[in-house]
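Understanding the architecture of this molecule
Here is what each chain is made of, one letter per residue.
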Amino acid sequence: MRLTDTLRFARDAATGYPMRTTLSVLAMSIGVAAVVILTALGDGARRYVVGQFSSLGTNLVIVLPGRSGTGGFNPANAITTTPRDLTIDDAGSLRRLPGTRRVAPLAVGTSEINYGGKLREVMVAGSTAEFIPIRNFEIAQGLGLPEEDWNRGSSVAVIGAKIREEMFGANPAIGQIVRVGDRRLRVVGVLKSTGQGLGMNTDELVIVPVSLALAMFNSNTLFRIMIEANSRDAIPSTKEQVMETLKQRHRGEEDVTVITQDAVLATFDKLLGALTLAVAGIAAISLAVAGILVMNVMLVAVTQRTGEIGLLKALGATARTIRFAFLAEAAMLSAVGALVGYLLGQLGAFALRQFFPVFPAYPPDWAVIAGLSTALATGLIFGVMPARRAARLDPVQALMKH
Amino acid sequence: MALIELSGIERRFLLGDTTVHALAELNLQIEAGEYVAVMGPSGSGKSTLLNLLGLLDRPNEGTYRLEGRDVTTLSPDEQATVRSTRIGFVFQSFHLVPRLTAAENIALPMTLAGIPLAERNKRVAQALKDFGLDQRADHKPDQLSGGQRQRVAIARATIMQPALILADEPTGNLDRHTGDEVVNLLEALNATGVTLIVVTHDQGMGARARRQLVMEDGRLKSDSAAADISNLGKISG
Ligand SMILES: Nc1ncnc2c1ncn2[C@@H]1O[C@H](COP(=O)(O)OP(=O)(O)O)[C@@H](O)[C@H]1O
Ligand SMILES: [Mg+2]
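Residues numbered from 1 in each chain as written. Chains lettered and ligands numbered in written order. Predicted model: local features only at pLDDT ≥ 70, side-chain atom pairs only at ≥ 80, totals over all residues. Heavy atoms only, no water.

Re the overall build of chain A
Across its full length, chain A carries 13 helices and ten strands. For a compact globule of 402 residues, the expected C-alpha radius of gyration is about 21 Å, and chain A comes in at 33 Å, more than 25% above that figure. Considering only C-alpha atoms, chain A reaches an extent of 105 × 55 × 35 Å along its principal axes. Counting across all 402 residues of chain A, residues that qualify as buried make up 48%. Taking the intrachain contacts of chain A between residues at least 6 apart in sequence as the baseline, contacts between residues at least 24 apart amount to 80%. About 19,200 Å² of surface is accessible on chain A, with carbon and sulfur atoms providing 59% of the total. Separation of charge centres in chain A, based on 39 positive and 31 negative side chains, amounts to 9 Å. (Helix = DSSP H or I, 4+ residues; strand = E, 2+ residues; numbered from the N terminus. Rg over C-alpha atoms; globule rule 2.2 N^0.38 Å. Buried < 20%, exposed > 50% of the residue type's maximum accessible area, 1.4 Å probe, protein only. Contact = heavy atoms within 4.5 Å. Areas by Shrake-Rupley, 256 points an atom, 1.4 Å probe, with all protein chains shown as cover. Lys, Arg positive; Asp, Glu negative; His and termini not counted. Charge placed at Lys NZ, Arg CZ, Asp CG, Glu CD.)

Considerations on the site of ligand 1
Surveying the vicinity of ligand 1 reveals 13 residues, the closest of which are A:Q397, B:G43, B:K46, B:S47 and B:T48. In this structure, ligand 1 is bordered by residues of chains A and B. One nitrogen or oxygen atom from the side chain of A:Q397 is found 2.9 Å from a nitrogen atom belonging to ligand 1. Where the shell around ligand 1 is concerned, the elements lending two or more residues are β1 (4-15), β2 (18-30) and α1 (46-53) of chain B. The greatest single-element share of the shell around ligand 1, amounting to three residues, is contributed by α1(B). Broken down by class, the residue content of the shell around ligand 1 amounts to five nonpolar, seven polar and one charged. (Near = heavy atom within 4 Å. Polar contact = N/O pair within 3.5 Å; in protein donor to acceptor, adjacent residues only side chain to side chain. Nonpolar A, V, L, I, M, F, W, Y, C, P; charged D, E, K, R; others polar.)

Section: α1(B)
Across the eight residues of α1(B), seven count as buried, placing the element largely inside the fold. Those residues of α1(B) not exposed but buried are B:K46, B:T48, B:L49, B:L50, B:N51, B:L52 and B:L53.

Observations concerning the pattern of salt bridges
Residue and element names in this part refer to chain A. The final tally for this structure, using the stated rule, is 34 salt bridges over all chains. Notably, a salt bridge pairs R152 with D149, separated by 3.5 Å at the nearest N-O pair. We classify R152 as exposed; its relative accessible area is 65%. By relative accessible area, which is 38% here, D149 ends up partly exposed. Linking E204 and K162 is a salt bridge whose minimum nitrogen-to-oxygen distance equals 3.4 Å. Of this pair, E204 sits in the loop between β7 (183-191) and β8 (205-209) while K162 is found in helix α6 (residues 161-168), placing the two residues 42 residues apart along the sequence. (Salt bridge = Lys/Arg side-chain N within 4 Å of Asp/Glu carboxyl O.)

Here we look at the confidence of the model for chain B
Mean pLDDT for chain B: 93, with 96% of residues reaching 70 or above. The ipTM value of the predicted complex is 0.94, and its pTM value is 0.75. (pLDDT = per-residue confidence, 0-100.)

Points about the sheet that holds strand β4 (residues 61-66) of chain B
Residue and element names in this part refer to chain B. Spatially, the four strands line up as an open sheet ordered β2-β1-β4-β5, and their pairing is antiparallel. Each edge of the open sheet is held by one strand with a lone partner, namely β2 and β5 (69-70). By the bridge criterion, five bridges tie β1 to β4 in an arrangement that is antiparallel. Within β4, the residue paired with E10 across the bridge is E61. (Pairing = 2+ DSSP bridges.)

Rendered as structure tokens:
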């Protein structure tokens, strides 16, 4: 039998039993749609987190006070070793390293801001001029922190968009004097509104020179030192140099932790990638179930059409012809199911993106290809048994079943 | 050389722990172009004989030569090819594929044999005309009368231009009048040289054949051709 005739024959047979055909197509399409939608969710989560992390800055190397043996945050270590202070001068020493583009010390605490009788609690970040470009923050009005001696900060502040809104309303903020804690600071800039991200919310942030912040919090130690490496390739060597420099400054003790954004990113990337894979695997189980359903449907078809199979044999069909005809039918059921499922899945992912625009719910190519080929393969594999059964029927017995 | 040569054919079925001899000690020769009626009571082995002749079944013992070739030892695929090219079946219950049109049912043996579409269409068009089915080409079997269905089945049996047509009670599901029409069609085919073997219950129809075989308990009880020969012997002797 010619291929086109085999396909036509299989198609007519499939459409001849609409209920059965619809059922198996549906089962297969649900399986494929599940793979597409679930991997879109998983990969969307991965992209979202990675995107958020990247927005923290580029090529970042971050120094934390305290030592952590494995590079993770181990509370036991934090207790046993009393870390030496991470100072402004420590940060300053890193500026001379060859691989670094920018360095910013960071001290963090909470305080109160007061202007014209209005009072509210704020998050205060003490840093230097390069903090804003390192973190990719943008200035909406005015300027950032001035370039100056890090140990002698001037009495200025850059405020978040929401703080400006609440304190000043429609009035100009630049040049006004606000009180933060016990200091009187002149507002020199306003940050562009960013909304809630994975990092800190800058809208309710007040940025002041780092020496001011340490004095305000009555502290000597920094929260972080942020270093921007010259390039992605420079990250590992920068990390090493940072560690070496600080070790020397701290009398040979490795009492700081240096992490790279890259490493954190890679960890998240891997973790969420694995999650997507697991989800895809679970969804693939439904494909196997669909395959078994196709097999059952085809077995029923063989039983229902036993008389027809006997006739085909009487008319000169070889076992091979009959096997192909039934296999083609099973393949067709799964192919149509896979196609419908793919469209349903893409539609579902599209709907997800419409409802949650920040969430990039696109199914990854590998998942789509794997889902479709698994559907086709299960359909074919599970179609083999019924097809062989059909081909092996005894023609005389089969002809009597009519 | 005879078209069909059966010698020492045995076909046994196991029913529980008893053995049924559906065919026993069967020796038979049928020449090309003959018109043979196979008769006998129900269960006498007529259908078993026809299935065997049509290569749908194999004997337990004995040899079957078709056109001089021992076909009992052929592989299933080779037997399928013989069925496809040399043998046409007509069944009591028509055995049309319900989802295919009359034209598609007639074309089915050619489709299975992989004959190109153009050739198929040409032959089907001719067959539809020959069997008075031109107006019914696109009808499904359930839109056809019994007589029309059997005409489609006969058209299908002849579309590959076989040497042998095997019909198992082809008029069993038809009324007298349409039954006669179908028999006329089959006889017309026989007149063109096709060997025709018909299983029938109907004495009248059996009598129309030039040769009658009567079966009983799987054995050949009488063969009109053999009787002629023995009569001939008596006359000459
Ligand atoms: N597949 C089978 N299994 C067991 N017995 C069978 C089978 N086919 C036929 N027979 C037996 O063989 C005998 C001949 O059957 P069959 O050729 O159908 O008779 P007929 O067609 O003359 O009525 C019967 O006794 C029947 O029961
Ligand atoms: Mg019978």
